[in-house]
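Examining the three-dimensional arrangement
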Amino acid sequence: GWCPLSPAGAQTTQLLVEPPWRPAVLWDRVTLTCQGSGTAGATTWYKDGQRLGQNRRDHFTVTESGTYTCDRSGSGLSPPVTVLNEQLVLQVPALTLLEGDTVTLRCQA
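Analysis parameters
Residues numbered from 1 in each chain as written. Predicted model: local features only at pLDDT ≥ 70, side-chain atom pairs only at ≥ 80, totals over all residues. Heavy atoms only, no water. Buried < 20%, exposed > 50% of the residue type's maximum accessible area, 1.4 Å probe, protein only. Helix = DSSP H or I, 4+ residues; strand = E, 2+ residues; numbered from the N terminus. Pairing = 2+ DSSP bridges. Axes fitted to C-alpha atoms, helices over the stretch in contact; angles between N-to-C directions. Contact = heavy atoms within 4.5 Å.

**So, the pairing of strand S10 (residues 81–84)**
Burial of S10 is one-sided: the residues Val-81 and Val-83 facing one way are buried, the residues Thr-82 and Leu-84 facing the other way are not. The pairing of strand S3 (residues 24–25) with S10 spans 2 bridges and is parallel. From the neighbouring strand, Ala-24 faces S10, where its bridge partner is Val-83. Bridge count between strand S8 (residues 66–72) and S10: 3 bridges; the pairing is antiparallel. Bridge pairing in S10 links Gly-66 to Val-83.

In structure tokens, the structure reads:
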């Protein structure tokens, strides 16, 4: 696996999105997975800043649009992921893209 490092050298929490397209859309049956160095089974989920539950599994399927974050004790809060409920969306792969890269776009309605 991979271990992203913060500038201070501490492992950080990441929020992975499946399918791996941005922006994420509700009708894509989006699954969020919280990864970090924190204790397994000690994941706290937040939607729009409000706690959804503690000691939940490290993944779940999104059923409402909103902005999600997760917290793993020991590695902290993840960057946010927003799941939209739009009628039409142009998506890009959830990868780091550089100028000159070839990219496949996905238009969904």
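Now, onward.
**Description of the sheet that holds strand S7 (residues 59–61)**
Spatially, 3 strands are ordered S1-S4-S7 in an open sheet, and the strand pairing comes out antiparallel. Whereas interior strands pair on both sides, the edge strands pair on one side only; in this sheet they are strand S1 (14–18) and S7. The mean angle between the axes of side-by-side strands here comes to 20°, regardless of whether they run parallel or antiparallel. Where S1 lies against strand S4 (residues 31–35), 5 bridges are found, and the strand directions are antiparallel. Note that in S4 the partner of Val-17 across the bridge is Leu-32.

**A few points about the environment of Ala-109**
Topologically, Ala-109 is positioned in the segment after strand S12 (106–108). A relative accessible area of 84% places Ala-109 in the exposed class. On a C-alpha basis, the gap between Ala-109 and Gln-87 in space is 5.6 Å, while along the polypeptide they are 22 residues apart. When near neighbours in sequence (up to four residues on either side) are disregarded, Ala-109 contacts Trp-27, Gln-87 and Leu-88.

**Points about unusual backbone geometry**
Between Glu-18 and Pro-19 the backbone carries a cis peptide bond, its omega angle lying at 0°. For Pro-19, the location among the structural elements is in the loop between S1 and strand S2 (21–22). Of note in this structure, Arg-29 is not a glycine but carries a positive phi near 50°. Along the chain, the position of Arg-29 falls in the loop between S3 and S4. The backbone of Asp-48 sits at a positive phi, close to 50°, despite the residue not being glycine.

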